[in-house]
Amino acid sequence: MKHALRYLFFLLSFVQIIFSCNEPAKNYDEPFRPQFHFSPQKNWMNDPNGLVYFDGEYHLFYQYNPLGDRWGHMSWGHAVSKDLLHWEHLPVAIPEENGSMIYSGSAVVDWQNSSGFGKGDVPPMVAVYTGRRNSDDRQTQCLAYSNDHGRTWTKYDGNPVLDIQSNNFRDPKVLWHDPTSKWIMVVSMAAERKIRFYGSHNLKEWNLLSEFGPAGAVAGIWECPDLFQLPFDGNPDSIKWVLEVDLGSKAVAGGSGGQYFVGDFDGEKFTLDPHFLEAFKDETKEPEGIVFESFENGYGSWKTEGDAFGSEPAKGAFSYQNPVSGFYGQKLINSYNGGDKATGKIISGTFKITKPYINFLIGGGNDPEKLFLSLLINGKTVLSATGDESESLNWKAWNVADFIGEEASIEVVDKHTGIWGYIMLDQILFSDAPALPRQESAAWLDYGKDFYAVASWSGIPENDGRHLWIGWMSNWQYGQDVPTSPWRSAFSVPRKVSLKKINGQIRLAQQPIEELHNLRSEKTTMQSQILSASKVIDLSGIKNPSQLEIKAEFEVADTSAEFGFELMCGEDQLTRVGFDLQRNTMYVDRTRSGKVDFHKDFPGVQTAPTTLKNGQLAVHILMDKGSLEIFINDGETVMTELIFPDPQKKEQRLFVKKGSVKLKSLDVWQLKSTWN
Ligand code: FRU
């Protein structure tokens, strides 16, 4: 009976998923509904998947929960477009079924029918995705195919095609490698920060070719890799390969971000260009001070309770724990002794507070209630800290200026028994200035907080020749809490990717696709003029202020100038896109951009390195309901940020805070909606 009920339950949710067609939008006019970006009509969406062009249609599949507006029941949603602007929603393509979610992956057209899935003359479309067994999180690579241009899909009955008994093995990207006549699968070993390359002749049998990583930024898990070749500076005789890897963690790059590596791929192995990473050095700002405890000589006067902390400091990671980094010397405190489920406590002897800061390297799970470090004075907690779900320890600092002269002790507590149920601590340092968290430096794709899991289209016709991709415009820190209903999340605009020489280095540039010009309607133009601190230019009077394309060129002789745009302003509201030339940065300040209080990690100021080019700065902004994408100097620097402004507060201004700049040209277009 129990079995029959369970079966019925599975059957019902499957039927519900299959028929939950993401119907064509009616008005698409809810608050913050993107007007020229893709979003599902309702429910939750994350990564773009299976992007492929076939017979005049661009396919867009995506991580989709057909049953709710938060992550869960992941299936592949589906939409198609003929112009990359207007999308037709189609029913769920590949549903969660038999206790297995459909995680991210890619799709190809199997022109030679190497897989044998084809029928008649029409080549099959083959999707390669991660099947995630819900009972134990086992992740394996699986196939599904379609013989009707993606309208219906059949899961391969020989699934999985690749199983290494891991629960951190996912997001396969498959591409055809012509010189060696085989399929390549690029897939992530998320926890190990490694990318694996497999080869196959039929998409069904795969051999391991090589591995890449860890390299670049590693503080977060590695997800959603992509691999493709591009001409360097448009020269078809100078081909380079780009390996793109996303980095997901609460601790790094503001939560979720993407990095890339430039090198060569010979059909077996990705070899990084020897000098590529040289420009990226992690920055640590660690003050001078007195080391109170380094745990190099055992626990000393520290007393433990429970098992989590063992009888002596750990020498790095325990077996079954992911690699641990960022600690000093050979030893640290690590409450994974006995796994996530172990609990316990460790407390220092008392000491006198003599300096205004207590700094420490901390890592592990994030739970201020059950997993924390606290400063006790007279037995009472006066300050505490928890980890950021990272195996890489990083600096945090307590300001203890008010407690100088007091007797104190430090307690580390682990009462957390689930996933991420451990805390790590090292190098307690007393100092006059705070230690600042180490910032991982890497070749970031986008300096904003809302561009993740980017994926590129396969099968773009040669006569088009562009490399196009699209990213998830959100962040795992707060994506499930954004104030939109009945859907959550949108994708960036499709972007054209190229490799350029920038300041003597090979770097990736991204630009919005030219097709977006077709959405331009009313245009406002401004005469060339000198702007200085007293002068604010009002761009109001635009009817549809939250759907704009802004193109501006500035000529700047004064290299200490600070200027930019203030968008969607009104009482208590403004989003600032500024350029601070003295610091060579661009910034987006969304602390007062409208609705910001739905999550503590949402408000904030993001910065990106930005320099003038021959004394000029070219700014290109796409603003939709709910988002901003900013492309500087032909896409050499990009920033993508969500914003949720009150549409009634709609003034747009040009501001100059310091110095003066020459506005050479300014064009502002209102953009038409793609949904009506
Ligand atoms: C990235 C990701 C992928 C995974 C998918 C699940 O955002 O975590 O690694 O396949 O989301 O929805």
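Preceding this paragraph is the structure being described.
Residues numbered from 1 in each chain as written. Predicted model: local features only at pLDDT ≥ 70, side-chain atom pairs only at ≥ 80, totals over all residues. Heavy atoms only, no water.

1. Points about the overall build of the protein
Reasoning step 1: Tallying secondary structure elements over the protein gives one helix and 48 strands in all.
Reasoning step 2: Based on the C-alpha atoms only, the size of the protein along its principal axes is roughly 75 × 75 × 55 Å.
Reasoning step 3: For the protein, the share of sequence-separated contacts (at least 6 apart) that also reach a separation of at least 24 residues comes to 66%.
Reasoning step 4: A total accessible area of about 27,700 Å² is found for the protein, and carbon and sulfur atoms account for 48% of it.
Reasoning step 5: One way to put it: in the protein the 66 positive side-chain charges average out to a point 2 Å from where the 86 negative ones average out. (Helix = DSSP H or I, 4+ residues; strand = E, 2+ residues; numbered from the N terminus. Contact = heavy atoms within 4.5 Å. Areas by Shrake-Rupley, 256 points an atom, 1.4 Å probe, with all protein chains shown as cover. Lys, Arg positive; Asp, Glu negative; His and termini not counted. Charge placed at Lys NZ, Arg CZ, Asp CG, Glu CD.)

2. Looking at the nonpolar core
Reasoning step 1: Phe 38, Trp 87, Trp 457, Phe 491 and Leu 516 are the most contacted members of the largest nonpolar core, which totals 39 residues.
Reasoning step 2: Elements supplying a minimum of two residues to this core: β1 (43–54), β2 (57–65), β5 (100–109), β31 (452–456), β32 (468–472) and β48 (660–671).
Reasoning step 3: In this structure, Trp 457 is in contact with Leu 51, Val 52, Tyr 53, Tyr 58, His 59, Leu 84, Trp 87, Leu 468, Trp 469, Ile 470 and Pro 494, ignoring residues within four places of it in sequence.
Reasoning step 4: If you look at the next biggest cluster of nonpolar residues, it comprises 35 residues, including Leu 531, Met 568, Phe 579 and Val 661. (Core = buried A, V, L, I, M, F, W, Y, C linked by side-chain atoms within 4.5 Å. Buried < 20%, exposed > 50% of the residue type's maximum accessible area, 1.4 Å probe, protein only.)

3. Re the pattern of salt bridges
Reasoning step 1: Enumeration over the complete set of coordinates arrives at 36 salt bridges.
Reasoning step 2: Among the ionic pairs, Arg 196 bridges to Glu 211, the shortest N-O distance being 2.9 Å. Linking Arg 196 in strand β12 (residues 194–200) with Glu 211 in strand β13 (residues 207–212), this pair joins segments that are 15 residues apart in sequence.
Reasoning step 3: Arg 196 gets classed as buried once you look at its relative accessible area, which sits at 15%. (Salt bridge = Lys/Arg side-chain N within 4 Å of Asp/Glu carboxyl O.)

4. Some words on the site of the ligand
Reasoning step 1: Around the ligand lies a shell of 13 residues, among which Asp 47, Gln 63, Arg 170, Asp 171 and Glu 223 are the nearest.
Reasoning step 2: In this structure, an oxygen atom belonging to the ligand sits 2.7 Å away from a side-chain N or O atom of Gln 63.
Reasoning step 3: Protein chains bury 94% of the 320 Å² of accessible surface belonging to the ligand in isolation.
Reasoning step 4: Mapped by element, the contributors of at least two residues to the shell around the ligand are β1, β5, β10 (169–177) and β14 (221–232).
Reasoning step 5: Looking at the shell around the ligand residue by residue, the classes come out as six nonpolar, three polar and four charged. (Near = heavy atom within 4 Å. Polar contact = N/O pair within 3.5 Å; in protein donor to acceptor, adjacent residues only side chain to side chain. Nonpolar A, V, L, I, M, F, W, Y, C, P; charged D, E, K, R; others polar.)

5. Observations regarding the side chain of Thr 140
Reasoning step 1: With respect to the helices and strands, Thr 140 occurs in strand β7 (residues 139–146).
Reasoning step 2: In this structure Thr 140 comes out as buried when scored by relative accessible area, which is 9%.
Reasoning step 3: Filtering out sequence-adjacent residues up to four positions away, Thr 140 remains in contact with Tyr 129, Thr 130, Gly 131, Pro 160, Leu 162 and Asp 163.

6. Concerning unusual backbone geometry
Reasoning step 1: In this structure, Pro 160 follows Asn 159 across a cis peptide bond, with omega equal to -5°.
Reasoning step 2: Summarising the element assignment, Pro 160 is placed in the loop between β8 (154–155) and β9 (162–166).
Reasoning step 3: Following Ser 485, the chain continues into Pro 486 via a peptide bond in cis, with omega recorded as 5°.
Reasoning step 4: Within the element layout of this structure, Pro 486 appears in the loop between β32 and β33 (487–488).
Reasoning step 5: Phi at Phe 32 takes a positive value of approximately 65°, unusual for a residue other than glycine.
Reasoning step 6: By the secondary structure assignment, Phe 32 is in the loop between α1 (2–19) and β1.

7. Re the sheet that holds strand β38 (residues 537–538)
Reasoning step 1: Read from one edge of the open sheet, six strands run β38-β47-β40-β41-β42-β43, paired in antiparallel fashion. Two strands close off the open sheet at either side, each with one partner strand: β38 and β43 (605–609).
Reasoning step 2: The sheet contact formed by strand β40 (residues 562–570) and strand β41 (residues 573–580) spans seven bridges and is antiparallel. Looking across to β41, one finds that Leu 567 is bridged to Thr 575. (Pairing = 2+ DSSP bridges.)

8. Quick look at the sheet that holds strand β11 (residues 182–189)
Reasoning step 1: If you trace the four strands from one edge of the open sheet to the other, you get β10-β11-β12-β13, paired in antiparallel fashion. Unpaired on one side and paired on the other, β10 and β13 mark the two borders of the sheet. For this sheet the average axis-to-axis angle between neighbouring strands, irrespective of direction, equals 25°.
Reasoning step 2: Judged from the seven bridges that link them, β11 and β12 form a sheet pairing that is antiparallel. (Axes fitted to C-alpha atoms, helices over the stretch in contact; angles between N-to-C directions.)

9. A look at the environment of Gln 529
Reasoning step 1: Checked against the element boundaries, Gln 529 lands in strand β37 (residues 529–532).
Reasoning step 2: Separated by 76 residues in the primary sequence, Gln 529 and Ala 453 have C-alpha atoms spaced 41 Å apart.
Reasoning step 3: At 3.0 Å, the side chain of Gln 529 and the backbone oxygen of Gln 527 are in polar contact.

10. Considering the packing of aromatic side chains
Reasoning step 1: Scanning all chains against the criterion turns up 49 aromatic pairs.
Reasoning step 2: Considering the side-chain rings of Phe 38 and Trp 675, the 6.2 Å spacing of their centres and the 50° angle between planes classify their relative orientation as tilted. Taken as a pair, Phe 38 in the loop between α1 and β1 and Trp 675 in the segment after β48 lie far apart in primary sequence, 637 residues in all.
Reasoning step 3: In this structure Phe 38 comes out as buried when scored by relative accessible area, which is 2%.
Reasoning step 4: With relative accessibility at 11%, the residue Trp 675 sits in the buried group.
Reasoning step 5: On the basis of an interplanar angle of 40° and a centroid distance of 5.6 Å, the ring pair of Phe 563 and Phe 579 is categorised as tilted. With Phe 563 in strand β40 and Phe 579 in strand β41, this pair connects stretches of sequence that are 16 residues apart.
Reasoning step 6: Phe 579 gets classed as buried once you look at its relative accessible area, which sits at 1%.
Reasoning step 7: Ring pairing ties together the aromatic residues Tyr 28, Phe 38, Tyr 53, Tyr 58, Tyr 62, Tyr 64, Trp 87, Trp 457, Phe 491 and Trp 675, which thus form one cluster.
Reasoning step 8: The ring of Phe 451 carries the charged tip of Arg 495 above its face, separated from the ring centre by 4.1 Å.
Reasoning step 9: One residue, Arg 576, lies across the ring of Phe 655, its end atom 5.3 Å from the ring centre. (Phe/Tyr/Trp six-rings, centres within 6.5 Å; stacked < 30°, edge-to-face > 60°. Lys NZ or Arg CZ within 6 Å of the ring centre and 35° of its normal.)

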